[in-house]
Each structure stands twice: as structure tokens, then as C-alpha cells.
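# Structural features, examined
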Amino acid sequence: MSCLVIDLRLLRENPDLIRHSQQLRGESSQAVDDLADADNAHREALQRFEALRAEQKQLGKRVSRSSGDEKTELLRRTKELSTEVKGAETVVTTAAAALRAAQMAVPNIVAEGVVPGGEDDFVVVRTVGETSVPQPCRDHLELGESLGAIDMERGAKTSGARFYYLTGVGALLQQALLNLALQQAVDTGFTPMIPPVLVRPEAMEGTGFLGAHASEVYHLPEEDLYLVGTSEVALASYHSREVLDLAQPKRYAAWSSCFRKEAGSYGKDTRGIIRVHQFDKIEMFSYCRPEVAGEEHQKLLGFEEDMLAKMEIPYRVIDTAAGDLGSSAARKFDCEAWVPSQQRYRELTSTSNCTTFQARRLAVRYRDDNGKPRTAATLNGTLATTRWIVAILENHQQPDGSVRLPKALQPFMGREVLEPVA
RNA sequence: GGAGGCGUCGCAUAGUGGACUAGUGCAGCGGUCUUGAAAACCGCCAGGCGGGGCGACUCGUCUCGUGGGUUCGAAUCCCACCGCCUCCGCCA
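Below, the structure is looked at part by part. (Residues numbered from 1 in each chain as written. Chains lettered and ligands numbered in written order. Predicted model: local features only at pLDDT ≥ 70, side-chain atom pairs only at ≥ 80, totals over all residues. Heavy atoms only, no water.)

### Observations concerning helix 12 (residues 388–395)
- In terms of burial, helix 12 is a largely internal element, 8 of the 8 residues being buried.
- Along helix 12, the residues classified as buried are W388, I389, V390, A391, I392, L393, E394 and N395. (Buried < 20%, exposed > 50% of the residue type's maximum accessible area, 1.4 Å probe, protein only. Helix = DSSP H or I, 4+ residues; strand = E, 2+ residues; numbered from the N terminus.)

The structure is reproduced here in C-alpha cells:
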């Protein structure tokens, strides 16, 4: 009848667990109380409707078998009942809409072990590789321009700020990077995918992107379609309303362009291709049983680190604080690459364990050992993106302005070094 | 973009206003028989939500693509939308 956001049974049995989760995220627990109220109102309305409806069905059957005065009398009563049933149904519909709205306001329950707080309260899990600041240190845009790899000015001319052209070796570099990532995914058992990037509202809503971050998303009003900010949306929607065999996790790796308004980031990262409206990404996505989701999360993180190692990029892994989780995530690990020109770490990958949050909304289920359908868990993670070019160029730049290519990339590029063009 | 056809339980089909409490076949699962298998026979075999019981269960309700409408009563009649198929047009 409806897709649930928060498990309502859990809400009834243990509302404090959800309140506590809201606290960790730094959000009001009022939403939880509102949800409980809406749930009660909905159940009451439902019970009244069902009782009336049962009576209506019973009497309705007698109408067809009766005649004469009896029939006239029955018809009089069933007509009354019909009005009452319609009224009760309207109340249910209204209560259901209110319940749904209340559900949408509550994000996923934070996993155990996640630290409270916001953007700056993360935990560093580990740091890998030696960081260095080359002398001289050119930033990725300076390098990209001299290599003939990135053209921001003409991107702006054609499409506006935060758009760019990858040109020449830049175009080849991205293609090589994404090919290598997709190759790694296929080698480790992922099914490669090229998904749609325009999706329906249900797909956006089901993955949790129409909540607080709706203003981040491009929308085509005429067709009521959304441009995805990540192929996670299309991959999660792929098995919606299906019952899967999840004896083993189902893993997909998608290539897609991604589109983001970056509405809340005026003035941030305006230089180069760190934060742009359109980029390309290889995204991993897993469907699995909820009890193995934590383990699967570590695997996705491992695959991300494998790619970073292949790119020979120094990085650290952070365990994101509760306040910095997306609404669908229970836990999130980011890999942040060392960016020499900024002398700090910047996010290159992000992997989220969405537990049953998305699958419940999208009605993705599996059969348990007793053959009963249960809600699955979903996870996602980044394997490579356009932004990786920043870390590759800057970390592997040479004093003469050339860029050494990491070994793993060389076969895909057919060369070992990128040389300045002018 | 235009015209027509079609959406029923995993698959295939029946059902055109009241016994539909959605029938049947296939596939699947369990059993009987058998040394074992096949065949035959018997049983089970869509999900959501709500109520009752510790529980195997049980009662009610919703769902025949989705949402409205007509009616005392809708799988069935009407409208809109979504999807699929065929043909035409256009196009990488």
C-alpha cells in the first residue's frame, strides 16, 4: 500500500532508538513524535474504515438475494453505509498522506559506533601513503591548462560557471581512469551497467534525494524527470518492487554522468574541476541481506582503496560523523586524497551503508531461509570520478611541469608521462 | 508525434456488474508409492496493512498496471495517467 521510510514496527517498539539517532545527527526528535502521532491517527482511521467496509460487503451480498420490502429496506441501509464508507476512506487517505509526509521527515537510523556531530567531527580510520608538496607546486588547473587537458573558460562560455571541457589528454585521462575502474569492478564480480540519468520522481524519492537536498537536483518540469546526481539512484531503482535471491550480495558498477546544482556552495571550490555541475563517475552498488551489510560496507571501502592504491595517491579514510551523513545513510566512510596545492585532504570517494532505508522505500526484498520476503539492504560507493584527475595531476607532477602517470594507468593511456603542450 | 491493440497470483490463461472467498494449467515445494528414479495420486503454493495470541496460527481489510468516477455492490462500466506490443512518421 505504501512504502515505508522508517520501520513503523520499530517506531512502536523502540521510539527512543530513533530519537537517539536524531540527537546524534543534531536533528530534532520532534519529527519522531510527529511520526508516532501520525501512525496512531492512521491506524485508528484504518480500523474504522475496515469495520465499515466489512459491514458493507456483508449487507451488499444480501441485497442481491433479497426482494420486495426486504430489498427496499436493505438498499436504504446500504446507501447510508456507502456514504459512511466513503467518508471513512477519505479520512484514511488524508491520514495516510500525513503519515507518509511524517515518514519522509525522518532520516535513516544512525549505525552503532558513529560519532555524533557535524562535518568536522569525523574519525580518521587510517592514513595511507606519504604526502608531499612538490617544488614548485602547480595546482590541477594550472597543470591541466598547460597539458591541454582542461578548458574552464570555454566551458563557462558554453554552459556557465562550474562547467568545463576535458580536452586532448584530459579526455583520454578520464576515459582511461574510468575504464580501469570499471575493469577492476568487473574483475571482482560486479555487473557493469550504463543506466539512465533521467529518472522519475519515485526513484529520486526512494533513494532519499528529494528530502533536505532537493534543491541540489536538476529537474525537468515538463516531463517531471530528474537528472541524477549519482547513478546510485538508477541502480537502487533497478530492482524496485522485486523479490531477489540474496544468498550472495548482488553487485553492480555503473558508468554515468552526474549532475549537481551545487546550490549551497557559492564561493567554494570555484577554481578548476573540484566542484562542478556535471562530472562522470563509476559507482558501485550492492544489494544484500541486512545482517551482512556492515561486512559488505567494508568490502566496498576496500575496493575504493584498491583503486586509490593503483593511482598511487596518498589518502586517508574517515568515518563520517552522524550530522554529516546523507538522509539515507546509517554509516559513511570517505576516502580523502592529499591535494598538494591545498595542503589538505579532499574527498574522492564516499561509501554509504543505507541499511534497509532505500530498499523499504523502493520495495526491494529477498527471501529469507523460511521463504518469507524481507526488506533488503543497499550500499553504494565511489570507484572513480572526474575529480580524481585533480589528485592524479597534482600528486604526480614533475618539476618540469610534466605529469607522471601511475603504472596501472599507463596501459590504458599508451604512454608514461603527460607533457606540457606549449 | 499519429493510429490501433493489450496490462489478472513466478509463467500461461479463464473471468464483461452480486458464490470472485479471483478458477484452471505449467513450474516450484512437501508427502504417499518405489531398491532408486519416472509416472500416478494427495497437500501446499502472491503480497501489503491492521487486530488477537508467547507461538505453529487466526480474524478483518486492501491490491486484477496506477489514480479517480459511476453503483447498494466493480477484475468487469466510464475518465485520466503509466507501461508494453503493432503500424505510420521522424531520427543517431
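### A few points about the sheet that holds strand 15 (residues 373–375)
- The strand order across the open sheet formed by 3 strands is 8-14-15, and the pairing between neighbours is mixed. One side of each edge strand has no neighbouring strand; the edge strands of this open sheet are strand 8 (242–244) and strand 15. Sheet twist, expressed as the average angle between the axes of neighbouring strands with direction ignored, equals 40°.
- Direction of pairing for strand 14 (residues 364–367) relative to strand 15: antiparallel, over a ladder of 3 bridges. The partner of R365 across the bridge, within strand 15, is T375. (Pairing = 2+ DSSP bridges. Axes fitted to C-alpha atoms, helices over the stretch in contact; angles between N-to-C directions.)

### What about the protein's contact with RNA strand B?
- For RNA strand B, the set of nearby residues contains 23 residues, the closest of which are R12, R43, R53, K79 and R200.
- Sugar and phosphate atoms represent 77% of those atoms of RNA strand B found within 4 Å of the protein.
- In this structure, a phosphate oxygen belonging to RNA strand B sits 2.6 Å away from a side-chain N or O atom of R12.
- Between RNA strand B and the protein, one listed contact pairs a phosphate oxygen with a side-chain N or O atom of R367 at 3.3 Å.
- Residue assignment for the surface near RNA strand B shows that the elements contributing at least two residues are helix 1 (8–13), helix 3 (30–65), helix 4 (68–104) and strand 14.
- Per element, the largest residue contribution to the surface near RNA strand B is 12 residues, and it comes from helix 3.
- Across the surface near RNA strand B, the residue classes tally to 7 nonpolar, 6 polar and 10 charged. (Near = heavy atom within 4 Å. Polar contact = N/O pair within 3.5 Å; in protein donor to acceptor, adjacent residues only side chain to side chain. Nonpolar A, V, L, I, M, F, W, Y, C, P; charged D, E, K, R; others polar.)

### Considerations on the sheet that holds strand 5 (residues 198–199)
- Across the sheet, 3 strands lie side by side as 5-7-6; this open sheet has antiparallel pairing. In this open sheet, the two edge strands, each paired with only one partner strand, are strand 5 and strand 6 (218–220).
- Where strand 5 and strand 7 (residues 225–227) come together, 2 bridges link them in antiparallel fashion. In the strand pairing of strand 7, V199 is matched with Y226.

### A look at helix 3
- If you check helix 3, its first and last C-alpha atoms are 54 Å apart, about what 36 residues at 1.5 Å a residue would give, namely 52 Å.
- All buried positions along helix 3 are accounted for by A31, V32, L35, A38, D39, H42, A45, F49, L52, Q56, L59 and V63.
- For helix 3, the elements touching its buried residues are helix 1, helix 2 (15–25) and helix 4. (Expected span 1.5 Å × (residues − 1). Contact = heavy atoms within 4.5 Å.)

### Here's the deal with the nonpolar core
- M307, M311, I313, W388, L393, L409 and L418 are the most contacted members of the largest nonpolar core, which totals 55 residues.
- When residues of this core are assigned to their parent elements, the largest contribution, 8 residues, is made by helix 7 (residues 169–187).
- Not counting residues up to four positions away in its chain, the partners in contact with M307 are L177, L180, A181, Q184, L383, A384 and W388.
- Listed in part, the 14 residues of the second largest apolar core include L246, F285, A359 and V364. (Core = buried A, V, L, I, M, F, W, Y, C linked by side-chain atoms within 4.5 Å.)

### Looking at the packing of aromatic side chains
- Per the stated rule, a full pass over the model turns up 5 aromatic pairs.
- On the numbers, 5.5 Å between centres and 80° between planes, the contact of F190 with F303 is edge-to-face. Pair noted here: F190 is in the loop between helix 7 and strand 4 (191–193) and F303 is in helix 10 (residues 293–310), with a separation of 113 residues, a long-range link. Take F190 and F303: they sit in the same class, and that class is buried.
- Members of the aromatic cluster, joined through ring pairs, are Y238, Y252, F285 and Y287. (Phe/Tyr/Trp six-rings, centres within 6.5 Å; stacked < 30°, edge-to-face > 60°.)

### Side note on the pairing of strand 12 (residues 331–339)
- Among the 9 residues of strand 12, 8 are classified as buried, and the element is accordingly described as predominantly covered.
- Linking two consecutive strands that pair antiparallel, namely strand 12 and strand 13 (residues 344–353), is a turn of 4 residues; a positive phi of about 50° is found at Q343 within it.

### Details of the pairing of strand 14
- Where burial is concerned, the two faces of strand 14 differ: the one with V364 and Y366 is buried and the one with R365 and R367 is not.
- The hairpin turn running from strand 14 into strand 15, its antiparallel successor, is 5 residues long, and G371 in that turn takes a positive phi close to 80°.

### Notes on the environment of R126
- By the secondary structure assignment, R126 is in strand 1 (residues 123–128).
- Judged by its relative accessible area of 33%, R126 is partly exposed.
- The sequence separation of R126 and D319 amounts to 193 residues, and the corresponding C-alpha distance is 9.7 Å.
- Look past the residues within four positions of R126 in its chain and what remains in contact with it is L301, E305, Y315, R316 and V317.
- A distance of 2.5 Å separates polar atoms of two side chains, one belonging to R126 and the other to E305.

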